[in-house]
Amino acid sequence: MTRRPSPPDDFEQLALEHLSSLLAVATRLTRNGAEAEDLVQDTLVKAFRAREQFTPGTNMRAWMLRILTNTFINRYRRGGLERAVLDGPDADPLADGWVSSSSMAALRDPETTALRPVLEREIGEALRELPEEFRLAVVLADVEELSYKEIADVMGCPVGTVMSRLHRGRRMLKSRLYEHALEMGIVGPEKVVGHEPASTNTVDLAQYRARRVKVG
Amino acid sequence: MSPCRRMLPLLDAFGDGELSADQSLQVEQHLVDCGHCTERIRLNEAVRVSMKRAAPVPSAAFKARLCAALAAERQREEHPSERIGRPLSWRTIAPIAVAASVALAFAAARPKPDTMGAVAGAARASLMGHSPSSSSMQSNAASVTATVEQLIDELVTHHQQGSHPNVTEAALLEQLEPEVGVPVRLPSLYGARWEGASVLPVKAMRNQRAASLRYSVGGHRVTLYVYNSANVPLRATLEPRVVYNTPVYVGERRGYSIAAVERRGVGYAVATDLNDSESAELVVASLH
Ligand SMILES: [Zn+2]
């Protein structure tokens, strides 16, 4: 009786070397620590079962991130949301020049250090509100610093799709951050001057926020 | 088109280091003159940095849980026919038992062991739409029922005895996870006071372990069991019911009520001397 050579016994050890990466990504994808740990455990068990499909010498982290991505998408896909977002308002106060340089500086560098955790939490929450595909793209690029090509491989989509998901995902994050900073008074509406005539700014911003409320 | 408008689509890829040398140069030249786009780049970078921050370090307990899960997978692979020998394999038998429990609704009284076999077999037969073709499958379903009853009996006895919990700090709960094989959190049960936790080897389930969390509410003892629901098919002989849109499996044994729910592979069961609706509400609360 012939047997396939049994897979290396150190698979577990090799896989666990990527634990920090998997947990960092899972933490940003899910709502809490327990969900993140569940997602990582599922990923490792699936990787173990599929370990003969892994080609030694290739990028194991990317391979495991692909399993994690598929598990995450299958489990958490909410459906229809991506479409709602794509159909939603296209206005971007940051990109469209409504927001002054000084306001942007205030966003990234709150004068009161006490505000930093608040803003960081806001980014975390905004991230969790993104549709799964957008969130995945942003997390893989920013947390794991994968290249566009690697993200495309992991997510199983063209590089162009990765780029548009990244762009839209980040834009939504920054909009949310900006909205929050406005509410907290870190930036003031009076600072909102840009490349367009000042008289129309207030109107546009009000419209933008009204539309945002309807969607959000 | 203003220079900024032309630059905007490139700024993300610039920050990601994905532009060609040519395009990077264009962006860099623009940034020299344009404070606004410089600020945009800085904001992108700040968002990226804050996203990377707060990445958790995997805890020792979590690593132990993963090692246990992988070891179990390897063992499952190496001994695929384990179920032929020893009493029963819960992984394979549980679905049959669960199917049977849909038709069975004996919650109030514990049936005598010799009638249970017949009931379970008949229930299974009616689910399958024909008479049992295999007597061994029939007796399997029966012994599942019997063993789950034995398991419930163990839990009720454990709850009744109220043995002293050996973990009394919530922060230490995760140390139970490697033994139990599933996440152990501390749910607040309508403000019930938590008294402590311990690990309970369940004899009826070949010493599969459950975490037991002891609470006190209005002078009543409440024990919440947390376990791997794939290995401990508690609901197999309990009565299904819907509470707050959640399927709950409820029963009464020896004057105690038992209510069980499952979510994503984790089973939660509550044992109390309260009535069965109250136990059901408590166990649903344990999900939140
Ligand atoms: Zn510019």
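This text follows the structure it describes.
Reading the values: the criteria
- Residues numbered from 1 in each chain as written.
- Chains lettered and ligands numbered in written order.
- Predicted model: local features only at pLDDT ≥ 70, side-chain atom pairs only at ≥ 80, totals over all residues.
- Heavy atoms only, no water.
- Helix = DSSP H or I, 4+ residues; strand = E, 2+ residues; numbered from the N terminus.
- Buried < 20%, exposed > 50% of the residue type's maximum accessible area, 1.4 Å probe, protein only.
- Contact = heavy atoms within 4.5 Å.
- Areas by Shrake-Rupley, 256 points an atom, 1.4 Å probe, with all protein chains shown as cover.
- Salt bridge = Lys/Arg side-chain N within 4 Å of Asp/Glu carboxyl O.
- Buried area = accessible area lost by both parts, 1.4 Å probe.
- Axes fitted to C-alpha atoms, helices over the stretch in contact; angles between N-to-C directions.
- Left-handed = near helix turned anticlockwise from the far one by under 90°.
- Nonpolar A, V, L, I, M, F, W, Y, C, P; charged D, E, K, R; others polar.
- Donors = N, O, S within 2.8 Å, 3.2 Å for Na, K, Ca; no water.
- Tetrahedral: all angles 85-135°; square planar, octahedral: opposite > 155°, others 65-115°.
- Pairing = 2+ DSSP bridges.

Turning our eyes to something else, we now look at the overall build of chain A. A count of helices and strands for chain A gives 11 helices and zero strands. Written out in order from the N terminus, the α and β elements of chain A read α-α-α-α-α-α-α-α-α-α-α. Looking at chain A as a whole, 52% of its 216 residues are labelled buried. A sequence separation of at least 24 residues applies to 73% of the contacts in chain A between residues at least 6 apart. Only carbon and sulfur atoms are counted for the fraction: they give 52% of the accessible area of chain A, which is about 10300 Å².

Bringing the pattern of salt bridges into the picture now. Counted by the stated rule, this structure contains 28 salt bridges over all chains. Between E129(A) and R176(A) there is a salt bridge; the shortest N-O distance is 2.6 Å. Of the two residues, E129(A) is situated in helix α7 (residues 115–129) and R176(A) in helix α10 (residues 159–184); the sequence distance between them amounts to 47 residues. Under the relative-accessibility criterion, R176(A) is labelled buried at 12%. Across the salt bridge formed by R42(B) and E39(B), the nearest N and O atoms sit 3.5 Å from each other. With R42(B) and E39(B) both in helix α3 (residues 35–52), this residue pair falls three residues apart, about one helical turn. Through salt bridges with shared partners, a single ionic network connects D142(A), R170(A), D12(B), D16(B), E45(B) and R48(B).

Bringing the interface of chain B and chain A into the picture now. Size of an interface, as often reported, equals the accessible area lost when the parts are brought together. On the chain A side, the residues contacting the 43 residues of chain B number 54 residues. Taken together, the two surfaces of chain B and chain A that pack against each other cover about 4300 Å², and 55% of this comes from carbon and sulfur. Interface area lost by chain B to chain A is led by M51(B), L70(B) and R74(B), which between them contribute 16%. In this assembly, chain B and chain A are joined by 10 salt bridges. Its salt-bridge partner being E12(A), residue R74(B) comes within 2.7 Å of it at the nearest N-O pair.

As a further point, take the packing of helix α2 (residues 19–29) of chain A against helix α8 (residues 132–142) of chain A. Residues and elements named next belong to chain A. For the pair α2 and α8, the least separation of the axes is 10 Å and the interaxial angle reads 145°. Pair α2 / α8 crosses with right-handed handedness. On α8, the residues touching V25, R28 and L29 of α2 are R135, L136, V139 and L140. When its residues are assigned to classes, the contact of α2 with α8 shows five nonpolar, no polar and two charged.

Residues and elements named next belong to chain B. Note on the zinc ion: its protein donors are C4 (SG), H30 (NE2), C34 (SG) and C37 (SG). The metal-donor distances range over 2.0 to 2.3 Å. Coordination geometry of the zinc ion: the four donor atoms subtend angles of 101 to 119° at the metal centre, consistent with an arrangement described as tetrahedral. For the zinc ion, the donor residues sit on a single chain with the sequence spacing C-x25-H-x3-C-x2-C. Separated by 33 residues along the polypeptide, C4 in helix α1 (residues 3–15) and C37 in helix α3 bring together distant segments of the chain.

The subject of this paragraph is the pairing of strand β2 (residues 208–217) of chain B. Residues in a regular strand project their side chains so that they alternate between the two faces of the sheet. Residues and elements named next belong to chain B. Within β2, eight of the 10 residues are buried, which leaves the element mostly enclosed by the surrounding structure. With seven bridges connecting them, β2 and strand β3 (residues 220–228) associate as antiparallel partners. Across the sheet, A211 pairs through a bridge with V226, a residue of β3. Hairpin remark: β2 followed by β3, antiparallel, with two residues in the connecting loop; positive phi at G218, about 55°.

Everything listed is a geometric property; what it means functionally is a separate question.
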